[in-house]
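Residue-level structure breakdown
One letter stands for each residue in the lines below.
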Amino acid sequence: MDVNKPMGVQTVGDQPHRPPPERHEEAPERDEDDKAVKITLDFVNAEVQQLLKFLQTETNLTIIAAEEDVQGKKLSLLNLKEVTVEEAIEKVKSGLMQFGLTTIRTDSTMIITTVEKAVKMKVPVSSGADPESIPDSDQVITHVIPLSYLDANQLSGQIKPMTSDAAVVFGDQVSNALVITDVASNIRRVATLLVGMDSAQATPLEIAVIQVDNTEVNGIEDALEDLYGTARDRQRRIRDQGR
């Protein structure tokens, strides 16, 4: 025992040995360029920086991430065995969302950043009202949803709560279309909801007041009485027969 060391204080050499978290990352199938075709990921609390480095080494992707966005963050992916590169990347992207991180994918370049930063950057742009045309992923995109009956300008404020806090949503009055920059899966959910809402709406009932002179009133009253009186008699007979 070191009598010169205060009680309850440990030096680095005194600390018990702790094995590093178990990790398993490999590419069991490769193409002719020696890049991964299938990937296995099975680890607990792995450093995000190391995971991204592995993906960049094993694929044709160039991955860009600010150190401040990924440093110190850890991720667990269990029992992801021999999946395609795209499937593995989608799982990683879903895991990054818990840190408020998303991706912007352009060809072979993937930028990892916060949603707040991503919505202000150049992102892929698409359009269409069909939800199936919108990827169910955590990548940030800009999507234009044309509307046939609903008012895009009024609707933009109503659907904002369905999107991320950092999402940009506005209604273009000229084309009557919603323009949304957000995570693709959120936009897909909005488009799915609008399929039922933006359908042919019933023609509203219109009531007109027609002024008539006194000579016509009696005739109109008689006609209305005949009409509704006949209807009341018919309903009474049907009700009596059912007893």
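Parameters and conventions
- Per chain, the residues get numbers from 1 upward, laid out in the order the sequence is written.
- pLDDT decides what is reported in this predicted model: residues at 70 or higher carry local features, side-chain atom pairs at 80 or more are listed and counted, and totals for whole chains, interfaces and linings draw on all residues regardless.
- In computing side-chain properties, one takes all heavy atoms of the structure into account and sets aside hydrogens as well as water.
- Two strands qualify as a pair provided DSSP detects at least 2 bridges between them.
- Helix numbering and strand numbering both begin at the N terminus, where a helix is a DSSP run of H or I of at least 4 residues and a strand a DSSP run of E of at least 2.
- Note on geometry: axes are lines fitted to C-alpha atoms, helical ones only across the stretch in contact, with angles between N-to-C directions running from 0 to 180 degrees.
- Relative accessibility decides the category of a residue: with a 1.4 Å probe and only protein chains considered, values under 20% of the type maximum give buried, values over 50% give exposed, and everything between is partly exposed.
- Read the arc as the range of directions from the helix axis to the C-beta atoms.
- We call two N or O atoms a polar contact when they sit within 3.5 Å, provided that within protein one can donate a hydrogen and the other can accept it, with sequence-adjacent residues counted only if both atoms are side-chain atoms.
- Expected span, for any helix, means 1.5 Å times one less than how many residues it has.
- Contacts: residue pairs with any heavy atoms within 4.5 Å of one another.

1. Description of the sheet that holds strand S8 (residues 140-146)
Two orientations exist for strands paired in a sheet by backbone hydrogen bonds: parallel and antiparallel. Ordered by their spatial adjacency, 4 strands build an open sheet running S7-S8-S10-S9, and the pairing between neighbours is mixed. Bordering the open sheet on either side are strand S7 (125-127) and strand S9 (168-172), each of which pairs with just one other strand. Averaged over all neighbouring strand pairs, the angle between strand axes comes to 20°, with direction disregarded. As defined by bridge partners, S7 adjoins S8 across 3 bridges and the pair is classed as parallel.

2. Some words on helix H5 (residues 152-159)
Buried residues of H5: Ala152, Leu155, Ser156 and Ile159, and no others. An end-on view of H5 places all buried positions within 115° of arc, on one side of the element. Among the exposed residues of H5, those pointing more than 90 degrees away from its buried face are Gln154, Gly157 and Gln158. Measuring from the backbone nitrogen of Asn153 back to the side-chain oxygen at the start of H5 gives 3.0 Å, which picks out Asp151 as the cap.

3. Re helix H3 (residues 85-96)
For H3, spanning 12 residues, the distance from its first C-alpha to its last is 16 Å, which sits close to the expected 16 Å at 1.5 Å a residue. If you check which residues of H3 are buried, you get Val85, Ala88, Ile89, Val92, Lys93, Gly95 and Leu96. Looking straight down H3, one finds that the buried residues subtend no more than 160° of arc, so they occupy a single side.

4. A look at the environment of Glu58
Examined against the element boundaries, Glu58 turns out to sit in helix H1 (residues 48-58). As a C-alpha pair, Glu58 and Ala27 span 31 residues in sequence and 7.3 Å in three-dimensional space. With near-sequence residues (within four places) excluded, Glu58 lies in contact with Ala27, Arg30, Lys35 and Ala36. Separated by 2.7 Å, the side chains of Glu58 and Arg30 make a polar contact.

5. Side note on the sheet that holds strand S6 (residues 109-114)
The mixed open sheet is built from 3 strands, whose spatial order is S3-S6-S5. Looking at the sheet topology across the chains shown, the edges are occupied by strand S3 (62-65) and strand S5 (101-106). Here the average twist between neighbouring strands, direction ignored, is 20°. Where S3 and S6 come together, 4 bridges link them in parallel fashion. Paired with Ile64 across the strands is Ile111, a residue of S6. Here H1 sits on the sheet in contact with S3 and S6, set at roughly 155° to S3. Sheet contacts for H3: S5 and S6; angle to S5, the most-contacted strand, approximately 145°.

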